[in-house]
Amino acid sequence: MTDFIIIGGGIVGLSVGKALIEQFPNAKIVVLEKERELASHQTGNNSGVIHSGIYYTPGSYKAKFAKAGNESMKRFCEMHGIDYEECGKVIVATNENELPNLHKLYERGLQNGLDVQLLKKEELLEKEPHVNGLEGIYVPSAGIVDYKQVSFKLAELIRENNGEIHTNEEVKAIDERSGEVVVETGNKTYRGKFLINCAGLQSDRIARMAGYQIDMKIFPFRGEYYYINENKRHLVKNLIYPVPNPEFPFLGVHFTRTIYGEVEVGPNAVPGFKREAYTKTSFDFKDFLEISTFPGFWKLGMKYYKVGIEEIVRSFSKKLFVKNAQQLIPEITEDDLTPAPAGVRAQALKNDGTLVDDFYIVNGKNSIHVCNAPSPAATASLEIGKEIVNKITDIKENNKAI
Ligand SMILES: Cc1cc2nc3c(=O)[nH]c(=O)nc-3n(C[C@H](O)[C@H](O)[C@H](O)COP(=O)(O)OP(=O)(O)OC[C@H]3O[C@@H](n4cnc5c(N)ncnc54)[C@H](O)[C@@H]3O)c2cc1C
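Keep in mind the model is a prediction, meaning the values are calculated, not measured.

Focus: the overall build of the chain
Helix and strand content of the chain: ten helices and 19 strands. Its C-alpha radius of gyration of 21 Å places the chain within 12% of the 21 Å reference for a compact globule of 402 residues. Here the C-alpha coordinates of the chain stretch approximately 65 × 45 × 35 Å along the principal axes. Taking the intrachain contacts of the chain between residues at least 6 apart in sequence as the baseline, contacts between residues at least 24 apart amount to 74%. When the accessible surface of the chain is split by element, carbon and sulfur atoms take 50% of a total near 17,400 Å².

Quick word on the site of the ligand
Residues in contact with the ligand amount to 39 residues; listed here are only the nearest, Glu33, Thr43, Val49, Ala373 and Thr379. Separating a nitrogen atom of the ligand from a backbone N or O atom of Lys34 is a distance of 3.1 Å. In the environment of the ligand, a nitrogen atom lies 3.4 Å from a nitrogen or oxygen atom belonging to the side chain of Ser375. Here the ligand loses 96% of its free accessible area of 1,000 Å² to cover by the protein chains. For the shell around the ligand, the secondary structure elements donating two or more residues are helix H1 (11–23), strand E17 (337–350) and helix H10 (377–401). Each residue belonging to the shell around the ligand can be placed in one class, and the counts come to 17 nonpolar, 16 polar and six charged.

Thresholds applied
- Residues numbered from 1 in each chain as written.
- Predicted model: local features only at pLDDT ≥ 70, side-chain atom pairs only at ≥ 80, totals over all residues.
- Heavy atoms only, no water.
- Helix = DSSP H or I, 4+ residues; strand = E, 2+ residues; numbered from the N terminus.
- Rg over C-alpha atoms; globule rule 2.2 N^0.38 Å.
- Contact = heavy atoms within 4.5 Å.
- Areas by Shrake-Rupley, 256 points an atom, 1.4 Å probe, with all protein chains shown as cover.
- Near = heavy atom within 4 Å.
- Polar contact = N/O pair within 3.5 Å; in protein donor to acceptor, adjacent residues only side chain to side chain.
- Nonpolar A, V, L, I, M, F, W, Y, C, P; charged D, E, K, R; others polar.

Structure, rendered in structure tokens:
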């Protein structure tokens, strides 16, 4: 029998695998991934930013793990020869109305223990000469990396420690018994002492499969991006973000440079009618029925219908998208942008229509379920892995005591 079965070969599942081999070097670990390649979903389609932790509620998992993860991710890259860059980012107030929220964000950065600097207009223009802004915040610790490369390295480490990683293995049934978890894929039955669910866009379904009636569903938000054509890449030096709407858990349309030199702008955050909804026409009847009969969906819709409609309209109108992007970089035109691949974000939505803000981890009897790990979970992944191992140790102690 295997000691640990991990469902999901994204960066969170693989980080859990790494933390497990460090804590339990003799344990047998199996990772099950339904796709042909690891990191095929959120991990392989994200912006590649190593976040700093400025945005998040002080004391939350996100605040703690983004700050610590920013450091541990860079150390991991250095140790394993993975390219990353600590390029820093600016958050920009483009009009007077945004200044109070910019100043609050600066205070939050300080509360979260970060090195942040307020920038006057001239200082902002020194960092980003083409930006339109009254004031800004500079966050030097933000960086860029390719999280696929990080994931592949994590997988290599797991294999080197006799861990098994099976791709093309979709988990279809789970039977959690006392002292044993039985996992069925179409191909094989796996037996383990403990299960860790890191299934991203499918994590709520896996938790229910294991018998846990959690009060949330994963709601897919497609993030649509454009590349800035090569001749205009000079308009963006590093990472440029707007002041986010504090009501909404997204960061707004921003400009980011990738470790390969491309510059992306986006996203439109559009509700998906399929869990893995990578195109505008992606539709799955079962997924649609599930979400449209979920009370939280309608409550969310009533609360955010204006923002939601704006995002959908912008998804179909490049002109409107460019108008939005021009708030930060006025020189950008429609001709400068080429569609880039989209990513789908797994965001947990509660029955009462609230979007779960923090990472959300549910303890089972012989299992743990990572039920909300949206951005900045790639940055925070190594820390999430360590946290899960601490939780497993506690659960095992409790089980022994019973
Ligand atoms: C557009 C976009 C931009 C982002 N930008 C950033 C950023 O710049 N910085 C940052 O820190 N974060 C960013 N994020 C968030 C970050 O990518 C995610 O938080 C992180 O990748 C989550 O990792 P994961 O392993 O939980 O999920 P995933 O990478 O989605 O992995 C889950 C895996 O589980 C597998 N799986 C699902 N069901 C089953 C099953 N039944 N059986 C077997 N396997 C299964 C899936 O195939 C998948 O590979 C972004 C996300 C998106 C979508």
